[in-house]
Amino acid sequence: MDERSIAGLVATAVVAALAVLGLYGFGTGYLIDSPGDYLAPSIGVLVVAVVAVGALIASGIGSGRWRENPYW
């Protein structure tokens, strides 16, 4: 395996581990325990994060040069 595929495999494993950790934290923090006053701010932060990531994805897709990068 070359270095790029190993780095991609490690990055994928890290993202998967963070997703599992986030789901565990959400389950224990919000589904089992009552979040109380923190529910509305948490949902607001989640919405802002989703909109920000969506905007970055949309700007990358809308770019005409996104495959002209030497990486591809």
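Residues numbered from 1 in each chain as written. Predicted model: local features only at pLDDT ≥ 70, side-chain atom pairs only at ≥ 80, totals over all residues. Heavy atoms only, no water.

1. Topic: the overall build of the protein chain
(1) Moving on: If you tally the helices and strands in the protein chain, you get 2 helices and 0 strands.
(2) Moving on: Out of the 72 residues in the protein chain, the part that is buried amounts to 1%.
(3) Moving on: By element, 72% of the accessible surface of the protein chain is carried by carbon and sulfur atoms, the whole surface being about 6,300 Å². (Helix = DSSP H or I, 4+ residues; strand = E, 2+ residues; numbered from the N terminus. Buried < 20%, exposed > 50% of the residue type's maximum accessible area, 1.4 Å probe, protein only. Areas by Shrake-Rupley, 256 points an atom, 1.4 Å probe, with all protein chains shown as cover.)

2. Description of the UniProt feature "transmembrane region" (unreviewed entry) in the protein chain
(1) Moving on: What UniProt calls "transmembrane region" (unreviewed entry) maps, in this numbering, to residues 7-32 and 38-58.
(2) Moving on: With 95% helix and 0% strand, the stretch residues 38-58 has end C-alpha atoms that lie 30 Å from each other. (UniProt positions renumbered as here; feature names shortened; annotations may be inferred.)

3. Description of a nonpolar patch on the surface
(1) Moving on: Taken together, Ile-6, Val-10, Val-14, Leu-18, Leu-21 and Tyr-24 make up a surface patch of nonpolar side chains, about 610 Å² in accessible area.
(2) Moving on: Relative to the helices and strands, Ile-6 is located in helix 1 (residues 3-32).
(3) Moving on: Its relative accessible area of 41% is what places Ile-6 among the partly exposed residues. (Patch = residues over 30% accessible without salt bridge, like charges linked within 9 Å, V, L, I, M, F, W, Y side chains within 5 Å. Salt bridge = Lys/Arg side-chain N within 4 Å of Asp/Glu carboxyl O.)

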